[in-house]
Each structure stands twice: as C-alpha cells, then as structure tokens.
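Here is what each chain is made of, one letter per residue.
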Amino acid sequence: MKPSSLVAVLVLAISTVPARAQMVTGSGMEDFAKSFGISAKGWSVQQTECSLGANALWPGEEATFTFFVKPGQPYRGPIKCDVIQYGARGKPGDWWKPVVFKIADTSASMIDADLPAEGGFVTVKPRIGDLFGGYAIVFDLGERGRAFAATCVRVPAPEPGREWLPTYAMDLGWPHEMSPIVFNVFKRLGVKGARTEGGYNTIRDAHVDWAMASDLTLMLTVGCGGTPREQMPLGRGRPWLNDDGSMKEKAKEDLAWLPSFDPEFKRYLKKVLMEHGWPKGPINAVELWNEPWEGVSISGWGADCLRYREIYTVMAEAVLEARQEAGVKVLIGGACSSANTRDKLFCDGTDRFLPWLDFVSIHYQPLAADPVLEPKWMNRQGEYGRVRVWDTESWVANSDDRVAAVIASMRAMGQDRTAGIYAGNVFTSQKPRIGGKEYAVAQVWAPGAAVAACQKFIGQRAFKEILFRNGLPWVFVFDGLPRRVDGERTGPVNADDGTVVIVGDLSGSYDKSLT
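On a predicted model such as this, the values are computed, not experimentally measured, just so you know. (Residues numbered from 1 in each chain as written. Predicted model: local features only at pLDDT ≥ 70, side-chain atom pairs only at ≥ 80, totals over all residues. Heavy atoms only, no water.)

**Observations concerning the sheet that holds strand 1 (residues 44-50)**
Two orientations exist for strands paired in a sheet by backbone hydrogen bonds: parallel and antiparallel. So the rule is basically this: Here, strands pair whenever DSSP counts at least two bridges between them. For the purposes of this entry, the term helix denotes a DSSP run of H or I that reaches at least four residues, the term strand denotes a run of E that reaches at least two, and both are numbered from the N terminus. Helix axes use the C-alpha atoms of the stretch in contact, all axes being lines fitted to C-alpha atoms, and the angles between their N-to-C directions lie in the range 0 to 180 degrees.
Reading across the sheet, the 3 strands line up as 1-3-6 and stay open at both edges, with antiparallel pairing between neighbours. What marks the edges here is a single partner per strand, and that holds for strand 1 and strand 6 (120-124). Averaged over all pairs of adjacent strands, the angle between strand axes in this sheet comes to 30°, irrespective of strand direction.

Spelled out as structure tokens, the structure:
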C-alpha cells in the first residue's frame, strides 16, 4: 500500500446512525419500481464497471458499462437494455423521502447473451441522452421481467483544479464504502470539498492520494473511534446507567480518551497535518467531534464541557505548530451548531478561543445561520480573517427540485460553505465480490445532476444580493468568477459570468413556517 494511503485522515464515517435511519435512498425511494417497471423474477443484475469511473458523463461523452447477470437458470438469448430519463422530486413537508418519476424512454438496445445459471458478464454501450439529468439503465428478459441495472447522470463539465476553501462539500461515507470510484464521483460532479470523520489513533486508509487525484479537499472531524481500551477511563466506552447502576448495553457511549494521552494525540495529529495539510495535501480544516452535544451524542461524546475545551486546545496547538513548521494552511473550527460553539468555547465570558475559531460548523439551522450576526466573530482580525460559517450537515435538499434553492439561500444567509444534500441521495458506493474478486462501482442518482449544475453555475461565485427584498419571487444574484490569468482565476471578476437563481417559493424546500 502506498505511504499516502497509510497516513491520511481521521477516518470513521460520519457517525449519524439515527439520522441516517430516516434517509430514504436508492431502491427505497418512493415509486422507484413503478417508474422503471421493475418486475424481475428469479434473476438479478449487478454493475461491475463503468469506463469513465463513476457513473457520470460530461457533454459529448459515451460510456461502456459491464454487468454481472445471474439468470438463476441457463439463459441464451437477447437482453433488452432500456435507458430511461428520470428525476426525483421532494414530498411537501418531508426532507428525507424523494419520489422517483419517469420523464421519458430515451433509447433501447439488445445484448446477445449466453449465460450459465450461476451468471456471467455482459458489456453494453447504451445511448445516454444529451440532456442534463438522471438516466436509469434497465435490463428486460421478457416474461422473466425487468431489473434495475444502473443509474447515471449527464452533467456539465466542472471547473478544473483544486480549491483551498470550497463553497460546497459532501460526506465521503463509511470506511468500507471507500474506493477510488467514490472520490471520482466528486471530481466528475465538480464537488471540491468533503467531510470525513475519525478518532484518536485511527488515521489510516483515508487515501489522500485518491483525494489529490480528484481535486478534493478534506475537512477532518476529529472524534471518537479506535481508542484502545487502556486509553479510556473505564477501559471501555461509558454508556448511561440502568436504574440498578449497571451499564446500558447497545447504547450511546462516551468514547473520549484519557487526558494523559492528549500529548500523543497532539503529536499524531500534527504529523498528519504537516505531511498532508494544504497545499501539499488535501487537508484544509479540522473540527473537534461530530455533534458533541452536552449530555449525550450520537458520535460518542459524553464528556463535559471542560474536557471538550482541553481536547480543543490540544487540537488547536497541533494545527498552529504544523502551520509554523510546515507552512500548511489548515483551519480550526467547531462545534456543529452556533449555540454549541458558544456553550463550549465562550461559556466563561472570555474570548480565549476566538483566535482558534477559524470557522463555526453548523447543522440543521435552516434559515437561521446566526453566526453571521455575531459581531466579534465577523470582526475577528488575523491571518485567517473573520470567523467563517460552514454548514457541514443540513441534509434538507435531497431531491432534484430542492438543490439550487437550498444552496443559493444558504449562501445568501452568509454561509461560506454549504452541505445541504445527503450524499446517499447523490451516489451509492457498491463493492460487489464476484468469483473472489471485488469490484468498485458508484451509482450516481438524479440529484447528482442538480449538484453538478450548482457547482457549475454557482460554485465559487460570491453571493451578491437578493434582487427583490420585499416579496416573491426569490432571486439570488451571484457575481462572476475571477478571470483566468496564466490558467489561474486570479484576475478581476468577470461581470458577464454571473449567475441568477430564481425560486418562486422557499416553502417547497424549508418548513413553511420559516419562509
């Protein structure tokens, strides 16, 4: 394994199991089978390869797909391959459950197959439509029914190159889902930033080489996971107690490590940042813990406010020393809500932590990104300037129709970085094992095309104004990108390159009582 694959990022995928349980993705989306006419009986199909990497096509591109078809009984004859243009729309009052709808039958082709019962591989080069959006590939075996084979998107070609501080980012996913193809999804959709989480002593197998190849920056959410038992106060995670004083089983636990191991944590994190911090590597920021709420956290935080401040201090010292000794540019931030940041870092009435707060990360503060109203944060001075506002998890735009409205309105609220979309509604990582060999595939869903469009037409453009301030429609205006000088966007703003996002009514994307 390459050295750059061994030491990279603090990886355990974002620990949001309760939240993820309410997500509805892939074949679980409403009207999925109905829209594609899925009716397969006793046979299955699994994609194993796309010639482009991830299932995302830029204008003018064609792709070859390979599938493993398991007919269940010997099959010799034609397989019809249908391409269906489709979309996903939101349900009023529901963030989590996209509804699939068919737009049009795009093309059909035939594959001559001779397959044993246990299955075999077939290759097809389907005619994917030129219109931007989502396309499903469906195999048809006549009387034996139809099976979903793959989903892909046609998207604009992205802005090339890396960005130190991208305005949009998605999560990478669970460690077992990782592959170069997952990172390639980000590149082909033009997404320049990702959040990835992990804990003490788990900096491995995060593949900074894959991130660099895909022009992707990584924000590390330093947190729980991988802590050896001897480094924990009770030699194990510390859950709440039952009435008889015994520890609850299969419950949320406090996984913070002992203070005596803070120096080792600092050394470890500093080494990673010196080797892989921006610009030599992809790491552009660190924050401490995912949702470290007081009392109990879904991500293993159960310690007190004082302990949070201790670990945050150690983390900040590691960053500052890495900046000084290696010249890296890495931001420091926290704590997953503006209220929690105030509670954790400013509860004593002093500004001790202000120099170490380069960004406030917020979760689920729809139309309420109040850090921009905090004068001491917005007026902070120093090398890294004011405190930035980063939405790192507000998964409210999980269908095609909501993406542009949510991203534009978040930016208008003063957010410097947005999330807005659950990554599982954009892509699904698949790693099937067939005949002893593992394959890596990324199914890209229709909302991925909306994400790519926002990256193309909003992207790094600065928010300028809301055109009509006293009534509908919502019209969000963005300045153009800087002009290119010697291949880099370092020139003056191109006034002819601006973008206007028009939204009739934001109540389709947010709670109606907020709009």
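**A few points about helix 11 (residues 447-457)**
For clarity, the cut-off: Only protein chains enter the calculation, and the probe is 1.4 Å; a residue is then buried if its accessible area is under 20% of its type maximum, exposed if over 50%, and partly exposed in between. We call two residues contacting when some pair of their heavy atoms lies within 4.5 Å.
Buried residues dominate helix 11, accounting for 8 of its 11 residues. Taken together, the buried positions of helix 11 are Pro447, Gly448, Ala449, Ala450, Val451, Ala452, Cys454 and Gln455. Residues of helix 11 that are buried in the fold lie against strand 4 (75-91), strand 7 (133-140), strand 8 (146-154), helix 4 (180-189), helix 10 (400-412) and strand 21 (441-444). Where helix 11 terminates, the next one or two residues include glycine 459, which has phi positive at roughly 50°.

**A short note on the side chain of lysine 192**
To keep it simple, the criterion reads: The positive count covers Lys and Arg only, the negative count covers Asp and Glu only, and His and the chain ends enter neither. Think of a salt bridge as a Lys or Arg side-chain nitrogen and an Asp or Glu carboxyl oxygen that are within 4 Å of each other. Here a polar contact means two N or O atoms within 3.5 Å. Within protein one must be a hydrogen donor candidate and the other an acceptor candidate, and residues neighboring in sequence count only if both atoms are side-chain atoms.
In this fold, lysine 192 is placed in the loop between helix 4 and strand 10 (193-199). No salt bridge is formed by the buried lysine 192; the nearest opposite charge belongs to aspartate 215, separated by 4.5 Å. Looking at lysine 192, its side chain comes within polar contact range of the main-chain oxygen of glycine 161, at 2.6 Å.

**Digging into the packing of aromatic side chains**
Counted only if it meets this: The criterion for an aromatic pair is that two Phe, Tyr or Trp rings (for Trp, the six-membered ring) have centres within 6.5 Å, with stacked assigned to planes under 30 degrees apart, edge-to-face to planes over 60 apart and tilted to the rest. Lysine and arginine charges are scored as sitting over a ring when NZ or CZ, respectively, is within 6 Å of the ring centre and within 35 degrees of the ring normal.
One pass over the full model with this rule turns up 28 aromatic pairs. Relative to tryptophan 96, the ring of tryptophan 95 lies with its centre 5.7 Å away and its plane at 85°, an arrangement referred to as edge-to-face. Using a relative accessible area of 25% as the deciding quantity, one classes tryptophan 95 as partly exposed. Classification of tryptophan 96 as buried rests on a relative accessible area of 15%. On the basis of an interplanar angle of 70° and a centroid distance of 5.7 Å, the ring pair of phenylalanine 183 and tryptophan 210 is categorised as edge-to-face. Pair noted here: phenylalanine 183 is in helix 4 and tryptophan 210 is in helix 5 (residues 208-213), with a separation of 27 residues, a long-range link. The exposure class assigned to phenylalanine 183 is buried, which follows from its relative accessible area of 0%. Here the aromatic cluster, defined as three or more aromatic residues joined through ring pairs, consists of Trp257, Phe265, Trp289, Trp301, Tyr308, Tyr312, Phe353 and Trp356. Here the guanidinium or amino end of arginine 162 rests over the ring plane of tryptophan 278, the centre of that ring lying 4.0 Å away. Stacked on the ring of tyrosine 384, the Lys or Arg arginine 323 has its end atom at 4.0 Å from the ring centre.

**As for the packing of helix 7 (residues 305-326) against helix 8 (residues 338-345)**
Definition in use: Roughly parallel refers to an angle under 35 degrees, roughly antiparallel to one over 145, roughly perpendicular to one between 65 and 115, and oblique to any angle outside these ranges. Amino acid classes used here: Ala, Val, Leu, Ile, Met, Phe, Trp, Tyr, Cys and Pro are nonpolar; Asp, Glu, Lys and Arg are charged; the rest, including Gly, are polar.
It is at 9 Å that the axes of helix 7 and helix 8 come closest, and there the two elements cross at 90°. Considered as vectors, helix 7 and helix 8 are oriented roughly perpendicular to each other. Contact residues: helix 7 offers Cys305, Tyr308, Arg309 and Tyr312, while helix 8 offers Asp343, Lys344 and Leu345. Residues of the contact of helix 7 with helix 8, tallied by class, amount to 4 nonpolar, no polar and 3 charged.

**Some points on the environment of valine 208**
Summarising the element assignment, valine 208 is placed in helix 5. For the pair valine 208 and lysine 344, spaced 136 residues apart in sequence, the C-alpha to C-alpha distance is 31 Å.

**Some words on unusual backbone geometry**
Here the bond from tryptophan 278 into proline 279 is cis, since omega is 5°, no more than 30 degrees from zero. With respect to the element layout, proline 279 can be found in the loop between helix 6 (262-276) and strand 14 (283-288). Not every positive phi belongs to a glycine, and aspartate 31 is a case in point at roughly 65°. Mapping aspartate 31 onto the fold places it in the loop between helix 2 (17-21) and helix 3 (32-36). With relative accessibility at 29%, the residue aspartate 31 sits in the partly exposed group. The phi angle at glutamate 291 is positive, at roughly 50°, despite the residue not being glycine. For glutamate 291, the location among the structural elements is in the loop between strand 14 and helix 7. Given the relative accessible area of 8%, glutamate 291 is considered buried.

**Re the sheet that holds strand 4**
A sheet is described by the order of its strands in space; here 5 strands give the open sequence 2-8-7-4-5, paired in mixed fashion. Edge positions in the sheet fall to strand 2 (56-57) and strand 5 (94-115), since each has one partner strand and no second. Pairing of strand 4 with strand 5 involves 16 bridges; the strand directions are antiparallel. Across the sheet, the residue bridging to arginine 89 is valine 99, located in strand 5. Across the face of the sheet, helix 10 comes into contact with strand 4 and strand 5 while running at roughly 40° to strand 4.

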